[in-house]
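# Structure at a glance
Each chain, written out:
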Amino acid sequence: DAKTTQPNSMESNEEEPVHLPCNHSTISGTDYIHWYRQLPSQGPEYVIHGLTSNVNNRMASLAIAEDRKSSTLILHRATLRDAAVYYCILKGGSRLTFGEGTQLTVNP
Amino acid sequence: NAGVTQTPKFQVLKTGQSMTLQCAQDMNHEYMSWYRQDPGMGLRLIHYSVGAGITDQGEVPNGYNVSRSTTEDFPLRLLSAAPSQTSVYFCASSWVSGSSYNEQFFGPGTRLTVL
C-alpha cells in the first residue's frame, strides 16, 4: 500500500479554519484519498474522500493537488468536538491501512 | 439501523485463556474486518472478509482466528491469550462493490486486557 506522511500534531483555535496536510508522493492512479478521524475512546469515523477533484461535504472539504501527490483536509470552523486524530489513507481496494495520523488540538 | 456493534465493551483475561470477540452489522455489507490499536498508535489490520465463507489475513494475524458463516457476523477468536494481545479491538464493515471509494463503518471497540 502506498504511504502517507502527516504531521504528528497540530493546534487550532475554536471557530478558526484548520488545514491538515497529507503527502502521498507514491499514490497510484486508482488510489482514492480517504480521511478518517478518531475521537477519544471511539472508533474511527469517515470524514471525506476524493480521487482527483476537490470535494465538499457537511463535515469538511478536501483539496487535492493537481499532481495528486498531496492533499489537505479543511475544517472550515473548528469546534472543540473536532479535537481528534485525523488519518489520511490511500485506498486502492477494500482495505484501509492506517498510519499514525495527526493529533488535532482545538483551543477554546 | 444499529450499524456495527461489538461485544463485550471490556474484557480481562488471564494468559492462556481463550475468548471470542463478537462483531455484527445490519447494513448487509460484504466486507468486514478486525483491527487492533495499541496505545498511541494507528490501527493495524488483523483479518478481513469479503463475504460469507471467505476470510484472509491482514497485517498482524498471528494468535487470532476468524470465520464468516453469515453476512452479518464476523467473530474474532483468541485461542490462547497473551499479554501482547492487550489492545483495543475494532470491527469495521463496508460495501465491496466500488471498494476503493466506499467508506468503512467502525464499531465502538472492545478493550481487552490480558494479565
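Residues numbered from 1 in each chain as written. Chains lettered and ligands numbered in written order. Predicted model: local features only at pLDDT ≥ 70, side-chain atom pairs only at ≥ 80, totals over all residues. Heavy atoms only, no water.

One finds L20, I33, W35, L73, L75, Y86 and L104 of chain A to be the most contacted residues of the largest nonpolar core, which totals 21 residues. Contributions of two or more residues to this core are made by β2 (18-23), β3 (32-38), β4 (45-50), β6 (61-64), β7 (70-75), β8 (84-91) and β9 (102-107) of chain A. The biggest single contributor to this core is β8 of chain A, with four residues. Sequence-distant contacts of I33 of chain A, that is, excluding residues within four places in its chain, are made with H24, I27, I48, H49, G50, L62, I64, R68, S71, C88, I89 and L90 of chain A. The next biggest cluster of nonpolar side chains, apart from the first, holds 20 residues, and it includes L13, I46, Y64 and F74 of chain B. (Core = buried A, V, L, I, M, F, W, Y, C linked by side-chain atoms within 4.5 Å. Buried < 20%, exposed > 50% of the residue type's maximum accessible area, 1.4 Å probe, protein only. Helix = DSSP H or I, 4+ residues; strand = E, 2+ residues; numbered from the N terminus. Contact = heavy atoms within 4.5 Å.)

Listed per partner, the contact involves 20 residues of chain A and 23 residues of chain B. Of the roughly 1,700 Å² buried where chain A meets chain B, counting both sides, 49% is carbon and sulfur surface. For the pair chain A and chain B, the number of links is zero salt bridges. One can count five residue pairs in polar contact (both at pLDDT 80 or more) joining chain A with chain B. Listing elements by their share of the side of chain A that touches chain B, those giving two or more residues are β3, β4 and β8 of chain A. Residue contributions to the side of chain A that touches chain B peak at four residues, all from β3 of chain A. Partitioning the side of chain A that touches chain B into residue classes produces seven nonpolar, ten polar and three charged. (Buried area = accessible area lost by both parts, 1.4 Å probe. Salt bridge = Lys/Arg side-chain N within 4 Å of Asp/Glu carboxyl O. Polar contact = N/O pair within 3.5 Å; in protein donor to acceptor, adjacent residues only side chain to side chain. Nonpolar A, V, L, I, M, F, W, Y, C, P; charged D, E, K, R; others polar.)

With that settled, the discussion passes to the packing of aromatic side chains. Under the criterion given, the structure shown has nine aromatic pairs over all chains. Ring centres 5.6 Å apart and planes at 40° place the aromatic pair Y35 of chain B and F106 of chain B in the tilted group. Here Y35 of chain B, found in strand β4 (residues 31-37), pairs with F106 of chain B, found in strand β10 (residues 105-106); they are 71 residues apart in sequence, far enough to count as distant. Through successive ring pairs, a cluster of aromatic residues spans Y36, Y46, Y87 and F98 of chain A together with Y35 and F106 of chain B. Between the NZ or CZ atom of R68 of chain B and the centre of the ring of F74 of chain B, over which it lies, the distance is 5.9 Å. (Phe/Tyr/Trp six-rings, centres within 6.5 Å; stacked < 30°, edge-to-face > 60°. Lys NZ or Arg CZ within 6 Å of the ring centre and 35° of its normal.)

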